[in-house]
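# Structural characterization, general
One letter stands for each residue in the lines below.
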Amino acid sequence: MTTFEQVPVFQCEFEDDRTGLSKETIKRALADNLFYIQGKVPATATPNDYYMALAYTVRDRMLQRWFKTTEVYTKKGVKVVSYLSAEFLLGPHLSNNLINLGIYDLVRQVVEESGLDFVQLREIEEEPGLGNGGLGRLAACYMDSLSTLEIPAIGYGIRYEFGIFDQEIRDGWQVEITDKWLHLGNPWEIPRLEETIEVKFGGRTEAYYDEKCRYRVRWIPDKVVKGVPYDTPISGYNVNTVNTLRLWKAEAPESFEFQAFNVGDYYGAVNRKVVSENITKVLYPNDELMKGKELRLEQQYFFVSCSLQDMIRLHLQKGESLETFHQSFAVQLNDTHPSIGVAELMRLLVDEYEIEWDQAWQITQNTFGYTNHTLLPEALEKWTLSLFKNLLPRHLQIIYEINQRFLGQVRAKYPNDSDRLARLSLIDESGEKYVRMANLASVGSHAINGVAALHTELLKRDVLGDFHELWPEKFSNKTNGVTPRRWIVVSNPLLANLITRKIGVDWISHLEDLKQLEAFIEDAEFRREWRQTKQDIKGYLATYIKENHGIEVNPESLFDVQVKRLHEYKRQHLNVLHIITLYKRIKDNPNIEITPRTFIFGGKAAPGYFMAKLIIKLINSVGDVVNNDPDVRDRLKVVFLPDYNVRFGQRVYPAADLSEQISTAGKEASGTGNMKFAMNGALTIGTLDGANIEIREEVGEENFFLFGLTTEQVYELKSKGYNPWDYYHNNPQLKQVIDLISSGFFSHGDTNLFRPLVDSLLYHDPYMLFADYQSYIDAQDQVNQAYRDQEHWTRMSILNAARMGKFSSDRAILEYCQEIWNAVPVKIELEEYIQGRA
Ligand code: OAK
């Protein structure tokens, strides 16, 4: 058989329209893609056609690198990191790829010289919102760093047809609109139909003896679904590595079951097809809330089974036996969503490849690592036995078997400790019986980690305390990080250029280099440029807000920003209590000296989360009053910007002066927005929670506005019996604020509208807003004072950015590689003719 390299037509060793980087070549490529891919000429082309042509032109310049990367991995038989995640919140591809390829300015110029509006085309891209928030965006940052660090890696997930909903605000309320990100096509993905995989569901199991008289079990499913892989290239910055993100789409095995068709059950057959394809229809929009829906477990099992079968296929293709599977793949479980993988790998090894249980178990444990991303009890995944048995009968048996062996070990170590046994068991038997996915992930992995120092400590003490006592060596901390490519270079080119002019470009892939900026702190001209840059960016955001939302904001005012999912533990309503406090001060004394502020909010609430939606309504209602009260004289503005997503994050992080990181201590596992703000020179007002603690350590306590109870104090106060009512009565300022909301002042006299929120605070206050209120107000007053001294503020802003080196996702990924995955970089070299020089 002729091998690929021997086919002469593929040996085109010349710069051609698909790889070349001269201006002329790129112009030709644009026209070529417009005609041959979109089937359009300029007379008929829509802006989207031009965007598509541009995207294909960029993708073409990644393909040789992508192909070469895969080829080198296969030929060298390297160890590959496999990142299993139900969510990848990628954000727009175009700018990111242009930056990573080093051709942003060049392509922009060519597009503009061709008479097109580059910014307009860039904004046409529909961002793939295949995630809810923190966990999904972290997966995207990690994919970027894996490629940049030249680590062989593949991301596996779900190609949701509808990603996170689009948010509109009507009459102050959130309204959800379906996200049709694929409606005009997706130029960044390539379906690999020939690598389709089959996944079984339901049915029953059957025991039998094989030809060697060994006891075996076979699974007779009642449904088979096809998983079709769609591959997206993930470029690294300034390297040739282009890794793959492989997302699975569910399809029915045949368009019609002819058997059913012939007996007249036409609609039944079509219905079964539709039901199969539903598996990857829509992303569940609940952040950190487990709902126990069958379709969700189907999604999880579907993508995990496809991915593990894919890895096994790749491993066997190398000519290796499955005993060495863990040397080919380090599989990371992004929270428990893919943790059914533990049982699935056991099933594949034991049932399908006939490996002895003990050996299969060793392979499995050596393969998996598990990252926990939340301590919230309502997020911990558990599935009722009945649901599990119906959908995955064989897996339930395997889980029982794992559990029996595991509890045997525990019994040997801790005899007569039935409470401990009950807590460690993979099955919760305290009431209705459940499978506990965190326990399955913990038992089936060789490494377990939290995502910030405090979070890991709490994980070891509370949620996984018994596992930590049993296997302390499995636990480690891996503080999160974010990619400076997207979160500084793409988002904030003005600041990136200023930094590069001072210290060169190396900081983009070595973020610790930002430290060198400290040498310029006494340079008044540098400080002026820094301040001016921030000012310019704030001006752009102000224009955007005016044009898109009709609200006039003062770019000179302090931009105080809280953007993140809406959740009571994140305490957007504490921020609102501060706004009302300031408003009240103005109303009581209209001539009071106050630092002008613009409060900017953004974030989606889970559609079924009533309290979070009410908080959105409250923000908008307070905004309506404050923004239109002549006494305020525009010194305060409140804007809730709808449809917060990656693209909007890119716009808002660079423009912030103050970053609100105000969760109740002990509740936010890490936070990553906190890092994006500080990297862009915002100062943080925050609690000692998640990664805030480490950010404060890095930037210095004098450059951070701290407030609130510590985690220990929260526990202590709760155990003593926390009574929010006392705070309300003892703090006249707080009382006035709460009373103003209750009176209907922000709700056209309606005293019922915000009652659920006010009552929750007065009678329960589970997130202790009242306990932290005064401390928060005091810290905000310090912010006001500090902002008045612009010279000093600028110094603090520079120091914040300069000291953020630790929070690059490159650092985080290196730690995972060295301490969990045992993965090393592999250089991808390209033939000279492909490299293409601009
Ligand atoms: C979502 C669903 C289930 C469990 C966790 C999450 C999640 O998004 N957690 C968030 O993960 C981020 C990345 O580690 C952290 O920065 C956030 O603090 C955490 O809430």
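Residues numbered from 1 in each chain as written. Predicted model: local features only at pLDDT ≥ 70, side-chain atom pairs only at ≥ 80, totals over all residues. Heavy atoms only, no water.

## Some thoughts on the overall build of the protein chain
Summing up its helical and strand segments, the protein chain has 34 helices and 25 strands in all. Along the first, second and third principal axes, the C-alpha set of the protein chain runs to 90 × 75 × 60 Å. The buried share of the protein chain, reckoned over its 838 residues, is 60%. If you take every contact in the protein chain between residues at least 6 apart in sequence, the share linking residues at least 24 apart comes to 77%. Per element, the accessible surface of the protein chain, about 32,700 Å² overall, is 51% carbon and sulfur. Positive and negative side-chain charges of the protein chain, numbering 93 and 116 respectively, have mean locations separated by a distance of 1 Å. (Helix = DSSP H or I, 4+ residues; strand = E, 2+ residues; numbered from the N terminus. Buried < 20%, exposed > 50% of the residue type's maximum accessible area, 1.4 Å probe, protein only. Contact = heavy atoms within 4.5 Å. Areas by Shrake-Rupley, 256 points an atom, 1.4 Å probe, with all protein chains shown as cover. Lys, Arg positive; Asp, Glu negative; His and termini not counted. Charge placed at Lys NZ, Arg CZ, Asp CG, Glu CD.)

## Section: the nonpolar core
One recurring pattern in soluble globular proteins: nonpolar side chains tend to sit buried together. Residues F302, F388, I402, F406 and W821 are the most contacted members of the largest nonpolar core, which totals 115 residues. Top element by residues in this core is helix α9 (residues 294-317). It accounts for nine residues. When near neighbours in sequence (up to four residues on either side) are disregarded, F406 contacts L424, V443, F467, L470 and W471. Core analysis: the next-biggest nonpolar cluster, separate from the first, contains 84 residues, Y237, A452, V482 and M675 among them. (Core = buried A, V, L, I, M, F, W, Y, C linked by side-chain atoms within 4.5 Å.)

## Observations regarding the packing of helix α22 (residues 572-588) against helix α29 (residues 732-742)
Closest axis-to-axis distance for the α22/α29 pair is 10 Å, and the angle between their directions is 95°. Here α29 runs roughly perpendicular to α22, going by the angle between their axes. Across from L577, I580, T581, K584, R585 and D588 in α22, the residues of α29 making contact are Q733, L734, Q736, V737, I738, L740 and I741. Of the residues that constitute the contact of α22 with α29, the class distribution is seven nonpolar, three polar and three charged. (Axes fitted to C-alpha atoms, helices over the stretch in contact; angles between N-to-C directions. Parallel < 35°, antiparallel > 145°, perpendicular 65-115°, else oblique. Nonpolar A, V, L, I, M, F, W, Y, C, P; charged D, E, K, R; others polar.)

## Examining the state of the cysteines
This model, assessed by the stated rule, comprises zero disulfides. Looking at C817, it has no disulfide partner, and the nearest cysteine sulfur is the one in C141, 15 Å off. Here C817 falls in the buried class, since its relative accessible area comes to 3%. (Disulfide = S-S within 2.5 Å.)

## So, the pattern of salt bridges
Enumeration according to the criterion identifies 73 salt bridges in this entry. The partner of D657 in a salt bridge is K538, with the nearest N and O atoms 2.6 Å apart. A residue pair is termed long-range when its members are at least 10 positions apart, and D657 in the loop between α24 (646-652) and β23 (658-661) and K538 in helix α21 (residues 524-549) qualify at 119 residues. K538 matches D657 in its accessibility class, with the two residues each being buried. (Salt bridge = Lys/Arg side-chain N within 4 Å of Asp/Glu carboxyl O.)

## So, the site of the ligand
Residues in contact with the ligand amount to 17 residues; listed here are only the nearest, E288, H373, N480, E668 and G671. Take H373: an N or O atom from its side chain is 2.6 Å from an oxygen atom of the ligand. With the chains in place, 96% of the 460 Å² that the ligand exposes on its own is no longer accessible. Here the shell around the ligand is built from residues that sort into five nonpolar, eight polar and four charged. Two domains each donate at least three residues to the shell around the ligand, and these are domain 1 (76-91 + 127-479) and domain 2 (498-506 + 524-708 + 773-804). (Near = heavy atom within 4 Å. Polar contact = N/O pair within 3.5 Å; in protein donor to acceptor, adjacent residues only side chain to side chain. Domains from an automatic or database assignment.)

## Quick word on the domain arrangement of the protein chain
Per the domain assignment, the segments of the protein chain are domain 1 (76-91 + 127-479) and domain 2 (498-506 + 524-708 + 773-804). The C-alpha-based centres of domain 1 and domain 2 are spaced at 37 Å. With both chains or domains summed, domain 1 and domain 2 bury close to 2,700 Å², and 58% of this area falls on carbon and sulfur atoms. Run the count over domain 1 and domain 2 and you get two salt bridges. In this structure, K617 and D171 form a salt bridge, with 3.8 Å as the shortest nitrogen-oxygen distance. (Buried area = accessible area lost by both parts, 1.4 Å probe.)

## Comments concerning helix α3 (residues 94-101)
Where burial is concerned, most of α3 is hidden: seven out of the eight residues are buried. Taken as a whole, α3 has its buried residues at L94, S95, N96, N97, L98, I99 and N100. Here the buried face of α3 lies against α2 (47-76), α4 (104-113), α5 (118-124), α6 (134-148), β11 (223-235) and α19 (484-490). In the segment just after α3, G102 is the residue with positive phi, at about 75°.

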